[in-house]
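# Commentary on secondary and tertiary structure
Here is how the chains run, residue by residue.
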Amino acid sequence: SVGTSGRHFTLNGRAYFLRMALDQGIWRESHLAAPDGLALRREVELAKALGFNGVRKHQKIEDPRYLFWADVLGLLVWEELPSAYRFSAHSATRLVREWMEVIERDRSHPCIVTWVTFNESWGVPDVATDGRNQDLVRTLYHLTRTLDPTRLVIGNDGWEHVVGDVLSLHDYSPDPSVIARRYATPDDVRATIAQHPMHGRAVFSEGNEADHAVVILSEFGGIRLARSEGGWGYTEVGTPQDLLERYASFVAAASAGALAGFCYTQFCDTFQEQNGLLYEDRSPKADLAVLAAATRNEPREEPSS
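Everything numeric in this text was worked out from a predicted model, so none of it was measured. (Residues numbered from 1 in each chain as written. Predicted model: local features only at pLDDT ≥ 70, side-chain atom pairs only at ≥ 80, totals over all residues. Heavy atoms only, no water.)

Spatial ordering of the open sheet is given by β8-β7-β6-β5-β4-β13-β10-β9, a layout of eight strands whose pairing is parallel. The strands lining the two open edges of the sheet, one partner per strand, are β8 (152-154) and β9 (167-170). Ignoring which end each strand starts from, the neighbouring axes of this sheet average 20° apart. By the bridge criterion, four bridges tie strand β6 (residues 76-80) to strand β7 (residues 112-116) in an arrangement that is parallel. Considered in β7, the bridge of V77 is made with I112. (Pairing = 2+ DSSP bridges. Helix = DSSP H or I, 4+ residues; strand = E, 2+ residues; numbered from the N terminus. Axes fitted to C-alpha atoms, helices over the stretch in contact; angles between N-to-C directions.)

As structure tokens, then:
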């Protein structure tokens, strides 16, 4: 069972802190399709080896074979509807139809704990103030709750929230101490929501302010290990050791406060987005065991010789 209690996400009735990675599920050689079935199992194994207990599949309806291995090996999944390019009656019709097919196909996978219908107002660009945009978010939220009342649903992940079961925020401050300060206590979280826009966007869309107890930092970090020209990250370091130290600081900041969990950006490099913990070929940028300890916010251990 999945739910919330107080400020906690709950799994099988117990508080469970989410330690997730943003995972776009893209391979350079085959793009959205895995090179083979074993690669899908390896994705789940790598997420667990990095210390994560879940992933947010970003802008992708994942291959059922991935969901099978997440079921078997024990990895939680947020499943997210890819966004339309623009808002229209045509796009709304297609989104509703495809989302119904997705839920019908995937709702029997126990690994799925959250459905995400929109991300960062993509496809509903005027959701902050426009009633029709807001109505589409509400429609997909309530449709999802109707078709599957057993999971949590997020209406618009990141900002300009209309409706949802948790408040998920995207905060790419480059300073871990700022992250720690903004989310240290419930009062700090309320002050952050009231005073600090998420990258220029209000936390709530117009007329939909609410006091959510369960808050998840569903995008943050984004550290790039500088190795070559081109590509980008939200912040940058020069060596694997620097990456380990900065990553550990970010995770500690997101783990010690009033949050119910986090989703770090990101699992692996994706084309020009070079802010993964793994390179695009899935080789690690630092020692896997040390990265996993940082993910779990454990004391530092030096890599074995």
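What follows covers the pattern of salt bridges. For the structure shown, the criterion picks out 21 salt bridges. Close ionic contact of R65 with D63 constitutes a salt bridge, the shortest N to O distance being 2.8 Å. The partner of D135 in a salt bridge is R138, with the nearest N and O atoms 3.0 Å apart. On the criterion of helical spacing, the pair formed by D135 and R138 is a turn pair, its members being three residues apart in helix α4 (residues 131-147). The class of R138 is partly exposed, set by a relative accessible area of 26%. (Salt bridge = Lys/Arg side-chain N within 4 Å of Asp/Glu carboxyl O. Buried < 20%, exposed > 50% of the residue type's maximum accessible area, 1.4 Å probe, protein only.)

Let's shift gears to unusual backbone geometry. Of note, the bond from T265 into Q266 is cis; its omega dihedral lies within 30 degrees of zero at 0°. Its location among the elements puts Q266 in the loop between β13 (261-265) and α8 (288-295). Here Q59, not a glycine, exhibits a phi torsion of approximately 55°, which is positive. Within the secondary structure, Q59 is located in the loop between β5 (54-57) and α2 (64-73). Classification of Q59 by relative accessible area gives buried; the value is 19%. We note that H199 has phi near 55°; this positive angle belongs to a residue other than glycine.

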